[in-house]
Amino acid sequence: MTTETLEPPSLAEPTNKRGFNVRTLSLVGLLVVIAVTFHFLSGGLFLSARNLYNLVVQTSVVAILACGMTLVIVTRNIDLSVGSVLGCVGMVIALLQIEIFPQDAAWNWPLTVAIGIGLGALIGAWHGVWIAYFGVPSFVVTLGGLLIFRGAAFEVAQGKTLAPFDPVYRLFGGGIDGALGVGPSWALFAIIMVLYGLGEVLVHRRQMRLGFDSTVRTKLLRFLAVFVVAAAFVATMNSYMKPRSDIGRGIPVPALVLLSVVLFMEFVTRFTTFGRYIFAIGGNIEAARLNGIPTRRTVLKVFIAMGVLCAIAAVVTTARLNAGTSSTGELLELSAIAAAVIGGASLSGGRGTIAGAVVGALIIQSLESGMVLIGASSSQRMVAIGLVLMVAVLADKYLSGEE
Amino acid sequence: MKPLIEMRGVSKAFGGVHAVEDVDVDLYPGEVVAVLGHNGAGKSTLMKMLAGAYRRDTGTVLVDGNPAELSSPAEAFDLGIETIHQTLALADNLDASANLFLGREIAWRVGPFKIMDSAQMRDHAAKVINQLNPRFTNLNTPCRDLSGGQRQTIAIARAIHFEARVLIMDEPTAALGPHETAMVGELIRELKAKGIGIFLISHDMHDVFDLADRLVVMKNGQVVGSAKKDDVTQDEVLGMIILGKCPPNAEPGPGARVSQ
Ligand SMILES: Nc1ncnc2c1ncn2[C@@H]1O[C@H](COP(=O)(O)OP(=O)(O)OP(=O)(O)O)[C@@H](O)[C@H]1O
Ligand SMILES: [Mg+2]
């Protein structure tokens with residue numbers, strides 16, 4: 001009956017007809033090229049367990065932000081403030097945890113995390129109200145936010161560096177103990193593979209019922225590919241040993257945080273009316289309004305989500321650095337936007353995927369880390385990433401057949 | 001018989017432009033009222049106030065004799081007022097079924113979220129769309145890749161599915177081929193027979209005389225006059241639209257040109 005799609009737009013991303021698969025595959029191809037190239041250029045350092053572990057930890061922060069940025073971009077907005085918001089929330093957490101609350105109290109770090117997330121939501125709501133209710137363009141509002149919250153990050157502790165954090169809190173950063181361990185990592189792998197397999201079967205049955213051309217072979221291939229990649233990932237993380245020991249680390253905690261964020265965001269964008277409204281607003285905000293969609297409230301909620309994700313990323317970042325500094329997160333907004341856009345989010349709205357954003361973050365961070373390994377300066381890295389961003393968008397334009 | 005809709009002294013201005021000025025219109029069950037006028041006469045603006053898309057500046061609207069605020073599209077939907085907008089109100093990145101149920105998805109609430117039942121929505125969409133146009137089968141294609149007529153079909157299907165009591169059709173056949181236009185004509189007769197009241201906006205005089213029971217002509221935001229279809233000729237109606245001249249058999253409105 002219908003031909004072109006493997007993925008039903010109404011079940012997956014409600015977009016582009018050649019879809020998700022082509023785009024994601026070409027991004028994965030690009031990633032492989034980057035990895036292999038840097039592996040040789042760096043004399044075998046890039047694909048070492050140590051580098052990959054660190055790459056995963058660094059990618060987690062950018063990817064968490066890129067997930068939120070994708071939603072923002074899909075609604076045809078932008079958020080330039082995420083790096084500053086991350087820095088500000090991180091400083092508030094640091095101040096409370098290290099200087100205000102008693103250091104040895106068990107409730108200290110959980111409470112500071114909760115306050116940080118609340119603060120992130122509040123900052124997101126602040127931006128959202130200006131954008132959705134006062135009608136000020138998001139570019140302007142969040143440019144203001146970029147300045148305001150970087151300034152606020154300084155004011156929180158007068159530019160002091162605050163350290164150290166609670167040892168348990170530091171696990172969020174994926175440091176020496178901040179990983180799942182070998183056994184639990186394999187267990188998590190097994191659980192996820194079983195759930196994923198079951199999910200694919202369910203989706204397949206549903207697609208058959210809906211009259212999609214859904215071949216078992218492509219599904220099986222995809223499952224196998226995910227299985228192999230995930231297994232390789234877990235094996236690699238397990239083979240990175242703690243210092244001076246033969247105890248493998250396993251999946252780093254930041255990756256677990258990212259995994260939770262991704263699963264939740266995938267659920268929201270694919271299956272909920274809120275996700276549908278986000279895409280509808282990006283596709284045609286006037287149509288959304290005429291059909292009774294609460295457009296302003298939806299945009300407000302998207303910015304609140306973005307603020308919460310900034311706070312989550314702030315926890316991971318400060319825990320990793322084991323210090324709060326007022327410059328934490330500088331320029332991260334650009335990485336997050338680049339990741340979302342490389343991952344297929346369209347700045348003209350209505351198109352983007354969470355999975356794409358994660359792969360985009362991985363690409364950005366691989367470039368960054370690969371260039372560090374071959375000794376490129378930070379100025380050279382900026383030039384390279386800028387070029388990659390432009391080329392990625394150009395390639396995407398042709399892939400999706402847009403005019 | 002009690003009117004479904006009574007609009008009294010309704011006005012709307014955009015900045016200095018009086019898009020709609022002091023308009024009175026009624027609609028009875030099972031009646032098709034054609035709203036006519038040149039481009040920019042205020043037809044769409046009037047209908048959007050009834051659809052809850054614009055808030056009126058002044059005037060009252062009674063639905064089934066009860067005053068209605070009509071402050072949002074959702075409120076209009078609740079009162080059984082469905083609209084096929086001139087712009088169709090489709091999100092181009094979504095497919096037919098997503099657009100048909102846009103804003104009114106079949107979903108079950110789980111905590112703060114509403115989880116959509118895509119399968120059921122698609123079944124319903126397929127049924128209604130098939131009824132309107134059996135050749136329209138690419139239900140999974142984003143609207144941007146559909147033809148103008150197919151897009152219009154989705155907008156019409158939306159109004160049918162939600163079982164309007166009052167249906168506003170703002171140039172519903174503008175993009176349709178002759179066969180599809182005939183189907184819409186057939187549909188209007190069917191709905192009329194079910195007692196649904198219809199506002200039909202069209203520039204096609206032939207369609208209007210074929211389908212409408214009554215006509216209301218607007219010019220520069222005001223009503224020139226209204227008449228039963230059988231009481232006026234096409235030429236007289238053209239005179240109302242172009243010159244604002246109200247013929248003797250029509251009931252003049254505030255916008256009628258005072259005869260010399
Ligand atoms: N959102 C708006 N903002 C400002 N002016 C508007 C708006 N909508 C309509 N107008 C103005 O109101 C007047 C009436 O417009 P309207 O769309 O109601 O005309 P119409 O009778 O539907 O015309 P057409 O036959 O071209 O569809 C026009 O002068 C138009 O410029
Ligand atoms: Mg109009």
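Definitions and cut-offs
Residues numbered from 1 in each chain as written. Chains lettered and ligands numbered in written order. Predicted model: local features only at pLDDT ≥ 70, side-chain atom pairs only at ≥ 80, totals over all residues. Heavy atoms only, no water. UniProt positions renumbered as here; feature names shortened; annotations may be inferred. Phe/Tyr/Trp six-rings, centres within 6.5 Å; stacked < 30°, edge-to-face > 60°. Buried < 20%, exposed > 50% of the residue type's maximum accessible area, 1.4 Å probe, protein only. Helix = DSSP H or I, 4+ residues; strand = E, 2+ residues; numbered from the N terminus. Lys, Arg positive; Asp, Glu negative; His and termini not counted. Salt bridge = Lys/Arg side-chain N within 4 Å of Asp/Glu carboxyl O. Polar contact = N/O pair within 3.5 Å; in protein donor to acceptor, adjacent residues only side chain to side chain. Contact = heavy atoms within 4.5 Å. Buried area = accessible area lost by both parts, 1.4 Å probe. Nonpolar A, V, L, I, M, F, W, Y, C, P; charged D, E, K, R; others polar. Donors = N, O, S within 2.8 Å, 3.2 Å for Na, K, Ca; no water. Pairing = 2+ DSSP bridges. Axes fitted to C-alpha atoms, helices over the stretch in contact; angles between N-to-C directions.

- For chain B, the name recorded in an unreviewed UniProt entry is ATP-binding cassette domain-containing protein, with Halocynthiibacter halioticoli as its organism.

- If you check an unreviewed UniProt entry, chain A appears there as Xylose transport system permease protein XylH from Halocynthiibacter halioticoli.
- Heading Function (unreviewed entry) of the UniProt record for chain A holds this comment: "Part of the binding-protein-dependent transport system for D-xylose. Probably responsible for the translocation of the substrate across the membrane."

1. Here we look at the packing of aromatic side chains
Residues and elements named next belong to chain A.
Item 1. Overall, the coordinates contain 16 aromatic pairs over all chains when judged by the stated rule.
Item 2. Between tryptophan 130 and phenylalanine 134, the aromatic rings sit 5.3 Å apart at their centres with planes inclined by 75 degrees, giving edge-to-face as the arrangement.
Item 3. Judged by its relative accessible area of 54%, phenylalanine 134 falls in the exposed class.
Item 4. Aromatic pair tyrosine 196 and phenylalanine 223: ring centres 5.6 Å apart, planes at 15 degrees, arrangement stacked. Highlighted residues: tyrosine 196 in helix α7 (residues 182–210) and phenylalanine 223 in helix α8 (residues 216–239), separated in sequence by 27 residues.
Item 5. Grouping aromatic residues by their ring pairs yields a cluster made of Trp186, Phe189, Tyr196, Phe223 and Phe227.

2. Comments concerning the side chain of aspartate 79 of chain A
All names here are of chain A.
Item 1. As for its placement among the helices and strands, aspartate 79 is situated in the loop between α2 (49–74) and α3 (82–100).
Item 2. Buried and unpaired, aspartate 79 has no salt bridge, with arginine 150 as the nearest side chain of opposite charge at 11 Å.
Item 3. Of the polar contacts made by the side chain of aspartate 79, one reaches the side chain of serine 81; its length is 2.6 Å.
Item 4. The contacts of aspartate 79, once residues within four sequence positions are left out, are Met69, Val72, Thr142, Phe303, Met306, Glu333 and Ile337.

3. Some points on the interface of chain A and chain B
Item 1. Between chain A and chain B, the contact holds 36 residues from the first and 36 residues from the second.
Item 2. Summing the contributions of chain A and of chain B, the shared interface buries around 3100 Å²; its carbon and sulfur component is 58%.
Item 3. If you look at where chain A meets chain B, you find zero salt bridges.
Item 4. Run the count over chain A and chain B and you get nine residue pairs in polar contact (both at pLDDT 80 or more).
Item 5. Secondary-structure elements contributing two or more residues to the side of chain A that touches chain B are α7, α9 (253–271), α10 (273–283) and α11 (285–290) of chain A.
Item 6. Looking at the side of chain A that touches chain B element by element, the count peaks at seven residues for α10 of chain A.
Item 7. A class-by-class count of the residues in the side of chain A that touches chain B yields 17 nonpolar, 11 polar and eight charged.

4. Examining the coordination of the magnesium ion (ligand 2)
Geometry sets the ideal angles at a metal, namely 109.5 degrees for four tetrahedral donors and 90 or 180 degrees for six octahedral donors.
Item 1. Those donors, Ser44 of chain B (OG) and Gln86 of chain B (OE1), are the protein atoms that reach the magnesium ion (ligand 2), and they lie 1.9 to 2.1 Å from it. Separated by 42 residues along the polypeptide, serine 44 of chain B in helix α1 (residues 43–50) and glutamine 86 of chain B in the loop between β6 (81–84) and α3 (96–100) bring together distant segments of the chain.

5. A closer look at unusual backbone geometry
Item 1. Along the chain, alanine 163 of chain A connects to proline 164 of chain A via a cis peptide bond; the corresponding omega equals -5 degrees.
Item 2. With respect to the helices, strands and loops of the structure, proline 164 of chain A is situated in the loop between α5 (138–156) and α6 (167–170).
Item 3. One non-glycine residue, glutamate 171 of chain B, lies in the positive phi region at around 50 degrees.

6. Quick word on the sheet that holds strand β5 (residues 66–67) of chain B
Item 1. An order of β2-β1-β4-β5 (chain B) is seen for the four strands of this open sheet, with the pairing classed as antiparallel. For this open sheet the edge positions go to β2 (17–27) and β5 of chain B, each flanked by a neighbour on one side alone.

7. Some details on the sheet that holds strand β9 (residues 166–170) of chain B
Residue and element names in this part refer to chain B.
Item 1. Strand order in this open sheet of seven strands is β6-β9-β10-β3-β11-β12-β13, and the pairing throughout is mixed. Where the open sheet ends on each side, the last strands, each with one partner, are β6 and β13 (251–252).
Item 2. By the bridge criterion, five bridges tie strand β3 (residues 32–37) to strand β11 (residues 214–219) in an arrangement that is parallel. Opposite valine 35, over in β11, you have valine 216 as the bridge partner.
Item 3. Running at roughly 25 degrees to β11, helix α8 (residues 234–243) makes contact with β3, β11 and β12 (222–228) of the sheet.

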